[in-house]
Amino acid sequence: MSQELPELEFDLGEAFIRMDEAVAETIEGLPDFPGFQTRTTLKLDCPVEGRESYEINYKFPEHTIGSDLVTREYFSVLKAHWASLGWEVHGERDDADGNISDIQATRPDGVNVWYSNLLGQAIIHAQVACVSPEGEPVCGPPLGGVTPENDSTKDCIVKEPEESATETTDAIAPFGDVQAAPVSFPGGWGRVTRLGTS
Amino acid sequence: MTVPITYSLLRKADFAALEAVAETWMNLYATLDDQAVSLVGLKSKDDSAFGTDHWEGPSSEAARDKIRDLVLALDERASAARRVSVAIAVAVEEFKGAQADLNEVVAEIDRERVALTEAGSVIPDTSRGTDNVSYAEGLSSRISAALERAAEADEALKAAIGVWAETFSESERLGLVHEAADEADELQDLIDAGASPERINEWWNGLSEAERLGILEGDPALIAGLDGVPTDTRDAANRSLLEAELDRYSPTLDQDIADVQERIAEIEGNWSEIVASGDPGESAEELEHLRDRLAALEDERATRDELVNLQDAISGQARTGQEYFLLGYDSAEDGKAIVAVGNPDTADNTVVYVPGTGGDLDGASGNDLARAETMALDASQVPGSGETAVLVWMDYDAPNHPLANSPSLSYAEDASAPLASFMSGLESTNRDPEENTTTVVGHSYGTTVIGQAASEHGLATDQIVAVASPGMTVDQASELGIDPEDFYATTAPGDIIHAAAESGRLGADPTDTGVNWDGRQTGVDWDGFGGNTFDSDAMGSDPIEIHSNYWDANNPARINMALIFTGNGKEAT
């Protein structure tokens, strides 16, 4: 079962950076991470007037389709990894054959990450629900080695880390006394910030 | 001036250079499209470089308008470059086919019976009787057919480049239109006679490319909404009409509204003095007139803005990297539109999405189009699924308010024939309907429309999906004209539509399995609606919001629909 997402404390200006950040934190916990093939942004339904929902969708490479790594191992790994980060794990579902096909986790800031196995194809969806449409929707370069031609970001403006690092650091620290800790992103994104509670 | 295609030319021709030209045009398309995307980013949000947060006032508005014009111009040219590239690729295929035909004839020639000249003439050896004459005639005829095939392809390419790359002079363009005048009349006769989409398609396929382009250039309104005409052509016709319609709006419309508002404010501000003057009649009359005029102008502006939004929404590429296609639109009243994400004529899977209550032109270029893109992306991620084109079919007058008029069947009755015709048209224009998986998916009242159309006319579709249905005007899936095994339904727990579905006013609840919670049949003569049900999540607690949450962030309905649309319905849960 899924859950109702909490009220967000950030706006659209930070949404894509936060979603990518949540994906980066997710893949940090994946052993033998094979990289991603595509990144696509989506605008989704939001029932609240004047608010907008978005998703960043990362597809794993074709050679991983049906592999034990992405269809079995990553589910158990993520369950533990997300919990260790203090995220609320939920949304566990099985496919028609009774094998686990979906698992989700929500970060304390409301970003939801959904790992799914669609007939062997692994996908990570990072989502923000009903965000205030304020601010320039900036996103960083794609994670996991996605090439420019496979990076479809109609809903955000891609900025290089140098362009956005400073403003990002300031922008994504919504919890007054929380220190923003640097974290390495795979796939070329040099430095962003991770929100920690410790 | 066109060089005639001769026997020796076709025999020696190497089409590699032409193929490279096609690639160059495709690269130009990609470059122009990227530029358009970059420019859109300048003004896409208030916080963007040219957004209202950074720049206000008349100059900023003019700059944003200018960017919009540039984006549209780039998009138009990008689209033209893509069409030129496709036209060249099609021509190359035809040229190669003609060359292969010719080479086949040459290889078969029995040199003891006939002689073949360098110009391609076949001379029979009559010294041994007359048999060789008919043999030579047969060969000549096949050589002529190959040359004719190449000439037709050349003519079509010339017309396509003339139209799309705008290399035609006005007189050449008019000549193209004039040459197709008889065919346009013939098409009008077919329409007047009520020809089916299949018949229209058959007739259309019998035209030369030059004739098709002549009709498109001369009378786009004739084919813009005509089921059976290929998607790419309908798209070009509708975009042309949309641009022409927008051009008809007064460029001073916004200023006219501001002027009227200012005059109304002036009269209202001075009203006590006007009354004190003892003769307010004339001012009262002017005020009434101004208010009427303001209302009319604001209506006009609202329609114009809806059309601008539509034009913006279908510019550039979809989030999935697919092209948008505009298969129809109508700005009257709430407005209608048919917009495709991806080309249904060439896609491996086609999904036609019928929105429900509140659907209109705004939705077709906004929320419903976003849902279509979500469905297209989700489907694209099913391994081995190929391309899935998703269309928003908002070509009916949907009820505006669920409580006021949604239960009425009249909207579905009116939409029934157009939807059936549209689906038949899609089937006829699809390049491989046997292999293509077609699904009609409705949301809410959209499922009622589908049910009415399927049971009344039959729908050319492989599958039907009902999301949050209040009823489909039938009692069982078997009445929908498809195998019940190809019917799928879902309604999330807590959805407000349950009450409407259970009332039975619009037919039986499509998610009713006929089994109670305790596993017993609900009725003696009732074994459920039939077909399959699949999971969807409430994603909230508000019954009204639940009704719209099916395409929400992590609703499992998304995955299940992706599986169904790609022919993997058995895997849906």
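Residues numbered from 1 in each chain as written. Chains lettered and ligands numbered in written order. Predicted model: local features only at pLDDT ≥ 70, side-chain atom pairs only at ≥ 80, totals over all residues.

With an unreviewed UniProt entry as reference, chain B is termed DUF1023 domain-containing protein, source organism Glycomyces terrestris.

Chemist: I keep staring at the overall build of chain A and nothing clicks. Help me out?
Modeler: Tallying secondary structure elements over chain A gives 3 helices and 11 strands in all. Ordered by position in the sequence, the α and β elements of chain A form the string α-β-β-α-β-β-β-β-β-β-β-α-β-β. Put simply, of all contacts in chain A between residues at least 6 apart along the chain, 65% involve residues at least 24 apart. (Helix = DSSP H or I, 4+ residues; strand = E, 2+ residues; numbered from the N terminus. Contact = placed C-beta atoms within 7 Å.)

Chemist: Honestly, the overall build of chain B in this entry has me stumped. Any pointers?
Modeler: Along chain B, the regular secondary structure elements total 21 helices and 10 strands. Dimensions of chain B, computed from C-alpha atoms along their principal axes, come out at roughly 110 × 80 × 45 Å. By residue count, 46% of the 573 residues in chain B fall in the buried class. Counting contacts in chain B only where the partners sit at least 6 residues apart, residues at least 24 apart contribute 70% of the total. (Buried ≥ 20, exposed ≤ 12 C-beta atoms within 10 Å, placed from the backbone.)

Chemist: Help me understand the interface of chain A and chain B in this model?
Modeler: Accessible area lost when the parts come together is the quantity often used to give the size of an interface. Listed as interface residues are 39 residues of chain A and, on the opposing side, 34 residues of chain B. Counting residues per element, the ones that place at least two in the side of chain A that touches chain B are strand 1 (38-44), strand 2 (52-59), strand 3 (88-94), strand 4 (100-106), strand 5 (112-118) and strand 6 (121-131) of chain A. Here the residues of the side of chain A that touches chain B sort into 13 nonpolar, 16 polar and 10 charged. (Nonpolar A, V, L, I, M, F, W, Y, C, P; charged D, E, K, R; others polar.)

Chemist: Is there a simple way to think about the pairing of strand 3 of chain A in this case?
Modeler: All names here are of chain A. Alignment of strand 3 against strand 4, held across 5 bridges, turns out to be antiparallel. The residue of strand 4 that forms the bridge with Glu88 is Thr106. Here strand 3 folds back onto strand 4 in antiparallel fashion, the turn holding 5 residues, of which Gly98 has a positive phi close to 85°. (Pairing = 2+ DSSP bridges.)

Chemist: Honestly, unusual backbone geometry in this entry has me stumped. Any pointers?
Modeler: Working note: non-glycine residues mostly have negative phi, and peptide bonds are mostly trans. Even without glycine at this site, Leu119(A) takes up a positive phi of about 50°. Its location among the elements puts Leu119(A) in the loop between strand 5 and strand 6. On the basis of neighbour counts, which here come to 20 C-beta atoms within 10 Å, the residue Leu119(A) falls in the buried class. Notably, Ala468(B) is not glycine yet its phi reads approximately 55°, a positive angle. Tracing the backbone shows Ala468(B) in the loop between strand 8 (463-467) and strand 9 (487-490).

Chemist: Any chance you could explain the domain arrangement of chain B here in plain terms?
Modeler: For chain B, the assigned domains are domain 1 (7-245), domain 2 (253-307) and domain 3 (324-571). Each of domain 2 of chain B and domain 3 of chain B has a C-alpha centre, and the two are 45 Å apart. (Domains from an automatic or database assignment.)

Chemist: What am I meant to see in the nonpolar core here?
Modeler: Nonpolar side chains tend toward joint burial in soluble globular proteins. Within the largest apolar cluster, 135 residues are counted, with the highest numbers of intra-cluster contacts made by Val23(A), Val339(B), Tyr353(B), Leu391(B), Val392(B) and Trp393(B). Ile5(B), Trp25(B), Ile143(B) and Ala224(B) belong to the second largest nonpolar core, which has 51 residues in total. (Core = buried A, V, L, I, M, F, W, Y, C linked by C-beta atoms within 7 Å.)

Chemist: Mind showing me how you'd approach the sheet that holds strand 4 (residues 336-341) of chain B here?
Modeler: Each strand in a sheet pairs with its neighbour through backbone hydrogen bonds, running either in the same direction (parallel) or in the opposite one (antiparallel). All names here are of chain B. The 8 strands are arranged 3-4-6-5-7-8-9-10 in an open sheet whose pairing can be described as mixed. Among the strands making up the open sheet, the edge pair consists of strand 3 (324-330) and strand 10 (532-533). In this sheet, strand 10 lies alongside strand 9 in parallel orientation, the contact comprising 2 bridges. Along strand 10, the bridge assignment pairs Ala489 with Thr533. Helix-sheet contacts for helix 17 (residues 410-429) involve strand 5 (349-354), strand 6 (388-394) and strand 7 (437-443), and the interaxial angle to strand 5 is about 165°. (Axes fitted to C-alpha atoms, helices over the stretch in contact; angles between N-to-C directions.)

Chemist: What is the right way to look at the sheet that holds strand 5 of chain A in this model?
Modeler: Spatial strand order, 3-4-5-6-2-1-8 (chain A): 7 strands in an open sheet with mixed pairing. Lying at the two open borders of the sheet, with one neighbouring strand each, are strand 3 and strand 8 (151-152) of chain A. Helix 1 (residues 12-28) of chain A rests against strand 2, strand 5 and strand 6 of chain A of the sheet, and its axis sits at about 150° to strand 6 of chain A. Packing against the sheet, helix 15 (residues 367-380) of chain B makes contact with strand 1 and strand 2 of chain A, and its axis sits at approximately 150° to strand 1 of chain A.

Chemist: Even after reading the chapter, I still don't get the pairing of strand 5 of chain B, so can you show me in this structure?
Modeler: Remember that side chains alternate between the two faces of the sheet whenever the strand is regular. Residues and elements named next belong to chain B. Strand 5 sits mainly inside the fold: 6 of its 6 residues count as buried. Two elements, strand 5 and strand 7, share 6 bridges in a ladder whose sense is parallel. Directly across from Val352, in strand 7, lies its bridge partner Val440.

Chemist: Looking at this structure, how should I read the environment of Ala122(A)?
Modeler: Residues and elements named next belong to chain A. Mapped onto the elements of the fold, Ala122 is located in strand 6. Each C-alpha atom, one on Ala122 and one on Ile65, is 7.0 Å from the other, the two residues being 57 residues apart in sequence. In this structure Ala122 touches Phe60, Thr64, Val70, Tyr74 and Asn117, once residues within four positions along its chain are discounted.

Chemist: Whenever I open this one, the packing of helix 15 of chain B against helix 21 (residues 556-565) of chain B confuses me. Can you help?
Modeler: Pairs of packed helices are described in terms of their axes, by the angle between the two and the distance that separates them. All names here are of chain B. The interhelical angle for the contact between helix 15 and helix 21, taken along N-to-C directions, is 70°, at an axis separation of 8 Å. One finds that helix 15 runs roughly perpendicular with respect to helix 21. Crossing hand, helix 15 versus helix 21: right-handed. In contact with Thr374, Met375, Asp378 and Ala379 of helix 15, helix 21 contributes Arg558, Ile559, Met561, Ala562 and Phe565. Of the residues assigned to the contact of helix 15 with helix 21, the class counts are 6 nonpolar, 1 polar and 2 charged. (Parallel < 35°, antiparallel > 145°, perpendicular 65-115°, else oblique. Left-handed = near helix turned anticlockwise from the far one by under 90°.)

Chemist: Just checking my understanding: could you explain the packing of helix 4 (residues 131-164) of chain B against helix 8 (residues 209-218) of chain B for this structure?
Modeler: Residue and element names in this part refer to chain B. Two numbers describe how helix 4 lies on helix 8: the axes approach to 8 Å, and their chain directions differ by 25°. When the axes of helix 4 and helix 8 are compared, the pair comes out roughly parallel. In this structure, helix 4 uses Glu155, Ala156, Ala159, Ala160 and Val163 to contact helix 8, whose residues at the interface are Glu209, Ala210, Leu213 and Glu217. Of the residues that constitute the contact of helix 4 with helix 8, the class distribution is 6 nonpolar, no polar and 3 charged.

Chemist: I would appreciate a short explanation of the confidence of the model for chain B in the present structure.
Modeler: Parts of the model with low pLDDT should not have their predicted coordinates read in detail. Considering every residue of chain B, the mean pLDDT works out to 91; 94% of them sit at 70 or more. In the predicted complex, the global pTM is 0.83; the interface-specific ipTM is 0.80. (pLDDT = per-residue confidence, 0-100.)

Chemist: Would you mind going over the environment of Asp542(B) with me for this structure?
Modeler: Residues and elements named next belong to chain B. With respect to the secondary-structure elements, Asp542 resides in the loop between strand 10 and helix 20 (543-546). Classification of Asp542 as partly exposed rests on a count of 15 C-beta atoms within 10 Å. For the pair formed by Asp542 and Ile496, sequence separation is 46 residues and the distance between their alpha carbons is 8.5 Å.

Chemist: What should I look at first to understand the environment of Lys96(B) in this one?
Modeler: Mapping Lys96(B) onto the fold places it in helix 3 (residues 58-108). Through-space distance from the C-alpha of Lys96(B) to that of Ala13(B) is 9.0 Å; in sequence the pair is 83 residues apart.

Chemist: For this particular structure, what's the right way to read helix 4 of chain B?
Modeler: For helix 4 of chain B, which comprises 34 residues, the first-to-last C-alpha distance of 50 Å matches the rise-based estimate of 50 Å (1.5 Å per residue) to within 8%. Of the residues flanking the end of helix 4 of chain B, it is Glu166(B), one or two places downstream, whose phi is positive at about 55°. (Expected span 1.5 Å × (residues − 1).)

Chemist: Looking at this structure, how should I read the confidence of the model for chain A?
Modeler: When pLDDT is averaged across chain A, the result is 82; 77% of the residues are at 70 or more. Segment residues 164-198 of chain A: pLDDT under 50, and 66 contacts once partners within four positions in sequence are set aside and those in other chains are kept.

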